[in-house]
Structures are given as structure tokens and as C-alpha cells.
Amino acid sequence: MNLHGKTALVTGSTSGIGLGLADSLAAAGAQLILNGFGDVDRALAQIAQRGKAPGYHDADLSDPAQIEAMMAYAGRRFGGVDILVNNAGIQHVAPLEDFPVAQWNAIIAVNLSAVYHTSRLALPGMRTRGWGRIINVASVHGLAASKEKSAYVAAKHGVVGLTKTIALETARTAITCNAICPGWVLTPLVQRQIDLRVAAGESPQQARDALLAEKQPSQEFVTPQQLGELALFLCGDAAAQVRGAAWNMDGGWLAQ
Ligand code: NAD
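Residues numbered from 1 in each chain as written. Predicted model: local features only at pLDDT ≥ 70, side-chain atom pairs only at ≥ 80, totals over all residues. Heavy atoms only, no water.

So, on to helix 4 (residues 101-129). For helix 4, spanning 29 residues, the distance from its first C-alpha to its last is 41 Å, which sits close to the expected 42 Å at 1.5 Å a residue. Bending of helix 4 peaks at approximately 45° at the position of Ser113. (Helix = DSSP H or I, 4+ residues; strand = E, 2+ residues; numbered from the N terminus. Expected span 1.5 Å × (residues − 1). Bend = angle between axes of the 7 residues up to and from the residue.)

What follows concerns the sheet that holds strand 6 (residues 175-182). Taken together, 7 strands build an open sheet; the order of strands is 3-2-1-4-5-6-7 and the sheet is parallel. Each edge of the open sheet is held by one strand with a lone partner, namely strand 3 (55-57) and strand 7 (246-249). Here the average twist between neighbouring strands, direction ignored, is 20°. Where strand 6 meets strand 7, 4 bridges bridge the pair, whose relative direction is parallel. The residue of strand 7 that forms the bridge with Pro182 is Met249. Contacts between helix 4 and the sheet are confined to strand 4 (83-86), strand 5 (132-137) and strand 6, with strand 4 contributing the most and set at about 175° to the helix. Strands in contact with helix 8 (residues 224-235) are strand 4, strand 5, strand 6 and strand 7; relative to strand 6, the strand with the most contacts, it is inclined by about 160°. (Pairing = 2+ DSSP bridges. Axes fitted to C-alpha atoms, helices over the stretch in contact; angles between N-to-C directions. Contact = heavy atoms within 4.5 Å.)

A word on the domain arrangement of the chain. As assigned here, the chain comprises domain 1 (7-185 + 222-249) and domain 2 (186-220). Just the C-alpha atoms count here: the centres of domain 1 and domain 2 sit 25 Å apart. Residue-level contacts link 14 residues of domain 1 with 11 residues of domain 2. Summed over both sides, the interface between domain 1 and domain 2 buries roughly 980 Å², with carbon and sulfur atoms accounting for 60% of that surface. Here domain 1 is connected to domain 2 by 0 salt bridges. Taken together, domain 1 and domain 2 are joined by 5 residue pairs in polar contact (both at pLDDT 80 or more). Split by residue class, the side of domain 1 that touches domain 2 holds 7 nonpolar, 6 polar and 1 charged. (Domains from an automatic or database assignment. Buried area = accessible area lost by both parts, 1.4 Å probe. Salt bridge = Lys/Arg side-chain N within 4 Å of Asp/Glu carboxyl O. Polar contact = N/O pair within 3.5 Å; in protein donor to acceptor, adjacent residues only side chain to side chain. Nonpolar A, V, L, I, M, F, W, Y, C, P; charged D, E, K, R; others polar.)

With that settled, the discussion passes to the site of the ligand. Near the ligand there are 31 residues, and of these Ser15, Asn87, Tyr152, Val185 and Thr187 occur at the shortest range. Ile17 has a polar backbone atom sitting 2.8 Å from an oxygen atom of the ligand. Contributing elements (two or more residues each) for the shell around the ligand: helix 1 (16-27), helix 5 (150-169) and helix 6 (188-199). Ranked by the residues each element gives to the shell around the ligand, the list is headed by helix 6, at 4 residues. Its residues assigned to classes, the shell around the ligand shows 16 nonpolar, 12 polar and 3 charged. (Near = heavy atom within 4 Å.)

Side-chain alternation along strand 1 (residues 7-10) places Thr7 and Leu9 on one buried face and Ala8 and Val10 on a second face that is also buried. With helix 1 bridging strand 1 and its parallel neighbour strand 2 (residues 31-35), the resulting β-α-β unit is right-handed. Pairing analysis gives 3 bridges linking strand 1 to strand 4, with the strands arranged parallel. Within the sheet, the bridge partner assigned to Leu9 lies in strand 4 and is Leu84. (Buried < 20%, exposed > 50% of the residue type's maximum accessible area, 1.4 Å probe, protein only. Right-handed = clockwise from strand over helix to strand, strands pointing away.)

Overall, the coordinates contain 4 aromatic pairs when judged by the stated rule. Between Tyr73 and Phe78, the ring centres sit 6.1 Å apart and the planes meet at 80°, which makes this aromatic pair edge-to-face. Looking at Lys6, its charged tip hangs above the ring of Trp131, at a distance of 4.2 Å from the centre. Over the ring of Tyr116 we find Arg120, and its NZ or CZ is 5.5 Å from the ring centre. (Phe/Tyr/Trp six-rings, centres within 6.5 Å; stacked < 30°, edge-to-face > 60°. Lys NZ or Arg CZ within 6 Å of the ring centre and 35° of its normal.)

Note on placement: Ala43 falls in helix 2 (residues 40-48). Judged by its relative accessible area of 0%, Ala43 falls in the buried class. Separated by 24 residues in the primary sequence, Ala43 and Leu19 have C-alpha atoms spaced 6.9 Å apart. Excluding anything up to four places from it in sequence, Ala43 contacts Ser13, Thr14, Leu19 and Leu34.

Right, let's talk about the nonpolar core for a bit. Counting residues in hydrophobic clusters, the biggest one holds 31 residues, and the most contacted among them are Leu3, Leu25, Leu32, Ile83 and Val85. Among the elements of the structure, strand 1, helix 1, strand 2, helix 2, strand 4, strand 5 and helix 8 are those that each provide at least two residues to this core. Judged by nonpolar contacts, the second largest core, of 22 residues, contains Leu9, Leu84, Val110 and Ile134. (Core = buried A, V, L, I, M, F, W, Y, C linked by side-chain atoms within 4.5 Å.)

This is the structure we're talking about:
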């Protein structure tokens, strides 16, 4: 895979899956733009090792004005975004009746509305340049539900639907839009759910095993590197007619 000459923006790429996807795209030669919070310097240093110093924007994706600033930065500094990976996501676990309104609004904003904003702002440049890839990191929770994850499941189902609509609206172009639907990947987002079980009395090993046993028949985590390979495939010519797919990589989760 040769992505030299392409600029890739990966939202939420300072950690977990986003950092893994950014690393795979950078290894294939893409110019990266990172986004997200936390240990930004570590993420920038990791991606720079692939040969090109990445750009970075600190947009909080719950705020459309900050998303507009990030996309303007991408245009000004790198001439636009050829590969848009909508990855940033947050989670909150609680029964519906107890689900905090603020958490509901934040999850819908970051996990769903941000995908609309980045896509609407990236598409005109992709159309002008005649090529583009939009890869939305949804989840198995874009295709099936779990209890106590109402906002996350609603947002991820929304991302899968939005992916299909964008795929239809770009179907006669060399721009494709697809979703990736991972099962459990051991990232800080999932570690927090393991920590909740440990706080409730399970050992770390029990918590990890129980989390996998409930949903993921392989009993193994999906890795960011495996998801990176799928993203690279979706960027390639072989995937030119993969449009509107919601591609699960989930250790058998959805086969049940
Ligand atoms: P993570 O917590 O490791 O990383 C999330 C990233 O998003 C971080 O870089 C964080 O700084 C960034 N972020 C959070 N809120 C933001 C905001 N308001 N503005 C900008 N950036 C923000 O999580 P992860 O597990 O790597 O998850 C990445 C994506 O993969 C999410 O969309 C998540 O829903 C999805 N996903 C994760 C799993 C899993 O098992 N880990 C499974 C399926 C789908």
C-alpha cells in the first residue's frame, strides 16, 4: 500500500485504536494529522518515527466550531484531507433511567455529530481532487446492542446509517465511505470497563476474562494493528467498490 501524497486526518488519535490506525497509515506513507487529548507528545513522536512530522489539532469534537477550525487548519497547512478517519469516541455505562443527560449529549456529539461535521467539511475538497476515503470507526454496537450503553449504541447505529448515506451520495465518484465495527479492543476505553468490574470485586484477570466471555467467542482482543490493516485495505484500489459497508472485526461477536 502506497499512501505517499495523501493526507490522513484521524480523530481521537492520541490513544488506542486511533493511534494504531494513524500508525498504519503513516507506515504506508501518508501525511498524518492527529487530534485528541492526553499524551499528545508521545503520539506525535510515535508517528514522526514513520518519517513525516504529523500535524496536530486540539479540537474538542463536541464543539462544531472547533471542528471547523480543525478542518480549516488541515486545508491551510496540508491542502485538505484525502483520508478521513472518524475514530474519536467516548463511552458511559448506566441503565437508561439513570443515564445522565450530559453524558447522553456528549456521546451523541462526539461519537455521531462530529462524523457529520468532519465529513461535510472534508467532502468538497475530496470531490475537487477526485479521490477520497472516509472510514468511520463505529463498533459492533453499531450493529447490535448491549444493555446500559444506550447513548453509545444509538450513536454507533447512527454512524452506520450515516456511512451508508455518504456512500450513496458519493457512489459515482472515487470517494468511498465505510465503517469498521470492532469488537473488544484493549484500549483505555475498555480498560475503564474492566476497572469497573475490579472495583465491584473481581480480580483483573477475572474481569478481563468475563468481559471477553460475555461477548467475544475468540476470547481474544482485536488489536489496533489488525484494524489498521483493514483500514489500509479500505484505502486501496481493491476496495474501490466497497461502499457503505459496516465491516465487523470482532472475534465472532456478531456471529452468535
Ligand atoms: P480511547 O479512549 O483509547 O481513545 C479515544 C480517543 O478519542 C483519544 O485520543 C481521546 O483523546 C479522543 N477523544 C475523546 N473525546 C474527544 C473529544 N471530545 N474531542 C477530540 N478527541 C476526543 O478509545 P478507543 O477504544 O481507542 O476508541 C476509539 C474508537 O473506537 C471509539 O470511537 C470507540 O467507540 C471505538 N471502539 C472501541 C472499541 C474498543 O473495544 N476499544 C470497540 C469498538 C469500537
